[in-house]
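Secondary and tertiary structure notes
Residue strings, one per chain:
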Amino acid sequence: MVEHQDNDGNRTPRVSRRGVFGVGAAALAVAGVGVGLTACGDSDEVNPASAPTDPSDHIADANRRVAATLPFSDTTDFADADRGWIASLEPGAVKDAGGKVVWDTDSYAFLRDPCPLSVNPSLWRQSQLTVKQGLYEIAPGCYQIRGLDLSNMTLIEGNSGVVVIDPLISTETAAAGLALYRAHRGNRPVTGLIYSHSHVDHFGGALGVTTREDVAAGRCPVLAPSGFLEHAVAENIYAGTAMSRRAAYMYGAALPRGPKGQVGAGLGQTTSIGTTTLIDPTVDITHSGQEEIIDGVRMVFQLTPGTEAPSEMNFYFPDRRMLCMAENATHTLHNIVTLRGALVRDPHVWSRYLTESINLYGRNADLVFSSHHWPVWGTDRIVEFLAVQRDLYAYLNDQTLRLLNQGYVGSEIAEMLQLPPAITKEWSTHGYYGSVSHNVKAIYQRYMGWFDGNPAHLWEHPPVESAKRHVDAMGGAKEVLKKAQKAYDGGDYRWATQLVNYVIFADPDDTKAKHLQASVFEQLAYGAENATWRNFYLSGAYELRNGPFGTPTKANAQGMLAALTIDQAFDAISLFVNGPKAWDIKATTDWRFTDAENRTQRVELRNGVLIHYARTPNDALPAPDATLTLTRATFASAMLAGGSVADAIIKGEIKVDGNIAALQKLNGLFDRPDPNFAIVTP
């Protein structure tokens, strides 16, 4: 995001002690806007058109200043991103078995043009880099597939085949990447698979590069950091529906591509929308210094839990002087907490692990590559790149805590904190994916929680009731919209969006409010350096103008469900129980799984809570109301993938012994998550 800058491009604070944050006429606001913006219409007339607005004069001027301020003459990143290119996938679209396009690099052809005034020039530059697509040789016997998904897939040639690192999000994009590699390097078998961490863009395409049969037979070991499966499931199943819906905003996969639309996601272009799978790891990396040899490829691992993911690892190839940094060092400021939602990360630990990476491996490496973006070559450059990334996270952590302990709250610190010039001059520290603003608030949240200590904020009304009272206090919706339009005309977009939000949440059918809010969002997007902020704003604008687009990707993909342990599956089911409906219901069932060594899971519903645990031989538990005998696959299909237990019983897939009426008690007690829930309307 374009930060508040002076004419030299240095960020300066706009805050006094406990201050009120005004918007200076000569300055860019945190979201890339300021005052003096051109209105979308007359002060009492809101443009009702469904098409996006044009960038205002002020946004255009602000983006021109960015172009004149930042060092665009430095083309080192472009040279590095092009280095080793062999071939691109032509055409650049990937389809699933039904012919649906799940990835399309060609839709970004407009990025070859000069930067338009509707896109921050710094973000345009980043998107021109991340859109580069194809097979690259980054070292002898080491290749990368870039630009075929949000993430990279790296291939290390071994004695008889190739070891794959991070097989993208979808089986379709992973298979297309592997086919591109094989077209130029021969039909080498995949002899190993490595997941660098527990995010779906680093394991979802597993079945696009190997098979469960090859893994089970030991022909393709699957390596992952300790805790990988637990955290992969927790993120993608337990809160998966909500995260996927918000990820649709964050990555903009459903948005039109173009100068007024989605131009990238900072970390890559966007997320593919194909088939997500997961193969359980067969080799756990449990400690730093652990060494493994796969197909003659020797690797030494560094566990980094609590950094970019709760389960993550870097690894060094001592025979090749190469270092993989997973997602712990990329060409952007990363997230301390993502806009889609996630566990809050620890920037202090993150920076300490980067120091460890430098001292253990960086000074002995000729190449560093990550799971996103392009590599860095040369020992001195590698050490400096990692050191700057380290300093970036350490500074954010330490300075947020310094100001926190002076009594400032997260929103205040986010306005005050400036990065040192030596950090901001590096392109790799710019906030294309994370931002200083929301990272500072995340650090505050990590240490202090959601409450800022002011009793006035302890028990505020929820959004709809608060909105109704605000609108009433300001004289009704018409008066609030007049004030909002005045703020829009004056360029105070941050205040305009807050005012209009009150009207929309008080009356979601107010068309004028929704179109004005869409226009506000678009202006905020056009000035944003941060790709995820731009995508959030444009997604909100799109849904206000055109209606909801839902969630392009499925949170609970069948391949993910198949990998759940029995405990994880029942944990997921317990989250569907409608507590109030189940308050007075008691039921005890046993679930015997024939393909899990006849494991039997006792399940008790009482007080609106579903409790489960494994039965042990010769335990003295009371007899259940009913016992169900089934397979894990049937359970996942009937209980988690939208199927029906009753249908499975009728088909003979589930055998019931005991009182079947106990199952009938459960009817209507389980809610299904809503993948299309509203975000910009109540």
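These notes cover the structure that comes with them. Given the structure is predicted, the values throughout are model-derived calculations rather than measurements.

Now for the overall build of the protein chain. Per the secondary structure count, the protein chain includes 23 helices and 21 strands. Here the protein chain has a C-alpha radius of gyration of 26 Å; the compact-globule value for 682 residues is 26 Å, and the two agree. Taking the principal axes of the C-alpha coordinates as reference, the protein chain spans close to 75 × 65 × 50 Å. Expressed as a percentage of the 682 residues in the protein chain, the buried residues total 54%. For the protein chain, the accessible surface area stands at approximately 27000 Å², while carbon and sulfur atoms represent 52% of it. On the protein chain, the mean spot of the 59 positive side-chain charges and the mean spot of the 74 negative ones are 2 Å from each other.

All right, on to unusual backbone geometry then. Where the residue is not glycine, phi is negative for most of them; where a peptide bond is considered, it is trans in most cases. In this structure, the amide linkage connecting Glu90 to the following residue, Pro91, adopts the cis form with an omega of -10°. Within the secondary structure, Pro91 sits in the loop between strand E1 (85–87) and strand E2 (93–95). Non-glycine residue Asp166 carries a positive phi angle of around 60°. Of note, Asp166 is situated in the loop between strand E7 (162–165) and helix H4 (171–185). Positive phi values are uncommon outside glycine, yet Asn607 reaches one of about 55°.

The next thing to look at is the packing of helix H13 (residues 463–473) against helix H15 (residues 493–506). Orientation of H13 relative to H15, taken along the N-to-C sense of each, is 110°, at an axis distance of 8 Å. Judged on the interaxial angle alone, H15 and H13 are roughly perpendicular. The hand of the H13/H15 crossing is left-handed. Along the contact surface, H13 presents Pro463, Val464, Ala467, Lys468, His470 and Val471, while H15 presents Tyr502, Val503, Phe505 and Ala506.

The subject of this paragraph is the pairing of strand E17 (residues 587–593). Each regular strand shows side chains that alternate between the opposite faces of the sheet. Counting buried residues along E17, five of its seven residues qualify, which places the element largely inside the surrounding structure. As defined by bridge partners, E17 adjoins strand E18 (residues 599–606) across seven bridges and the pair is classed as antiparallel. Across the sheet, the residue bridging to Arg592 is Thr600, located in E18. Counted along the chain from E17 to the antiparallel partner E18, the turn is five residues long, and its residue Glu597 has a positive phi close to 55°. Alignment of E17 against strand E20 (residues 626–630), held across five bridges, turns out to be parallel. Considered in E20, the bridge of Arg592 is made with Thr629.

Over its twelve residues, helix H7 (residues 240–251) runs 15 Å from end to end, which matches the ideal 16 Å to within 8%, given 1.5 Å per residue. Those residues of H7 that sit buried are Gly240, Thr241, Met243, Ser244, Arg245, Ala247, Ala248, Tyr249, Met250 and Tyr251. Buried residues in H7 make contact with helix H6 (228–238) and helix H17 (531–546). Phi turns positive one or two residues past the end of H7, at Gly252, with a value near 65°.

So, about the pattern of salt bridges. For the structure on display, the rule yields 24 salt bridges. The partner of Arg298 in a salt bridge is Glu291, and the shortest N-O contact between them spans 3.4 Å. The structure contains a network of salt bridges with shared partners spanning Asp590, Arg602, Arg615 and Asp619.

Moving on to the nonpolar core. By size, the foremost hydrophobic cluster in this structure holds 67 residues, and its most contacted members are Tyr195, Trp591 and Phe635. Residues in contact with Phe635, not counting those within four places in the same chain, are Ala569, Phe570, Ile573, Trp591, Phe593, Leu630 and Leu640. Membership of the second largest hydrophobic core comes to 44 residues, among which are Tyr502, Val503, Ala528 and Leu538.

Moving on, we get to the packing of aromatic side chains. Summed over the entire model, instances satisfying the criterion amount to 24 aromatic pairs. The rings of Tyr249, Phe536, Tyr542 and Phe549 are connected pair by pair, giving a single aromatic cluster. Here the guanidinium or amino end of Arg83 rests over the ring plane of Trp377, the centre of that ring lying 4.1 Å away. Seen from the ring of Phe677, Arg245 lies directly overhead, with NZ or CZ sitting 5.9 Å from the centre.

Right, let's talk about the side chain of Ser519 for a bit. With respect to the helices and strands, Ser519 occurs in helix H16 (residues 511–526). In this structure the side chain of Ser519 is engaged in a polar contact, spanning 3.1 Å, whose partner is the side chain of Arg545.

Moving on: the state of the cysteines. Within the structure shown, the criterion is met by zero disulfides. Looking at the unpaired Cys324, the closest cysteine sulfur is the one in Cys142, lying at 9.0 Å.

Across the five residues that make up strand E13 (residues 313–317), a large majority, five, are buried. Here E13 shows a buried face lined by Met313, Phe315 and Phe317 and a second buried face lined by Asn314 and Tyr316. Strand direction decides the pairing type here: strand E12 (residues 297–303) and E13, joined by four bridges, are antiparallel. Bridged to Gln302 within E13 is Asn314. Here E13 pairs with strand E14 (residues 322–324) via three bridges, running antiparallel. Of the residues in E14, the one forming a bridge with Phe317 is Met322. The loop that links E13 with its antiparallel partner E14 comprises four residues; one of these, Arg321, has a positive phi angle of about 55°.

Across the sheet, which stays open at both edges, the eight strands sit in the order E1-E4-E5-E6-E7-E8-E9-E10 with mixed pairing between neighbours. Edge positions in the sheet fall to E1 and strand E10 (283–285), since each of these pairs with one other strand and no more. Direction aside, the axes of adjacent strands within the sheet are offset by 25° on average. The sheet contact formed by strand E6 (residues 153–157) and E7 spans four bridges and is antiparallel. Counted as the bridge partner of Thr154 is Ile165 from E7. Of the strands in this sheet, E1, strand E4 (134–139), strand E5 (142–146), E6, E7 and strand E8 (190–194) touch H4, which is tilted by about 35° from E6.

Thresholds applied
Residues numbered from 1 in each chain as written. Predicted model: local features only at pLDDT ≥ 70, side-chain atom pairs only at ≥ 80, totals over all residues. Heavy atoms only, no water. Helix = DSSP H or I, 4+ residues; strand = E, 2+ residues; numbered from the N terminus. Rg over C-alpha atoms; globule rule 2.2 N^0.38 Å. Buried < 20%, exposed > 50% of the residue type's maximum accessible area, 1.4 Å probe, protein only. Areas by Shrake-Rupley, 256 points an atom, 1.4 Å probe, with all protein chains shown as cover. Lys, Arg positive; Asp, Glu negative; His and termini not counted. Charge placed at Lys NZ, Arg CZ, Asp CG, Glu CD. Axes fitted to C-alpha atoms, helices over the stretch in contact; angles between N-to-C directions. Parallel < 35°, antiparallel > 145°, perpendicular 65-115°, else oblique. Left-handed = near helix turned anticlockwise from the far one by under 90°. Contact = heavy atoms within 4.5 Å. Pairing = 2+ DSSP bridges. Expected span 1.5 Å × (residues − 1). Salt bridge = Lys/Arg side-chain N within 4 Å of Asp/Glu carboxyl O. Core = buried A, V, L, I, M, F, W, Y, C linked by side-chain atoms within 4.5 Å. Phe/Tyr/Trp six-rings, centres within 6.5 Å; stacked < 30°, edge-to-face > 60°. Lys NZ or Arg CZ within 6 Å of the ring centre and 35° of its normal. Polar contact = N/O pair within 3.5 Å; in protein donor to acceptor, adjacent residues only side chain to side chain. Disulfide = S-S within 2.5 Å.

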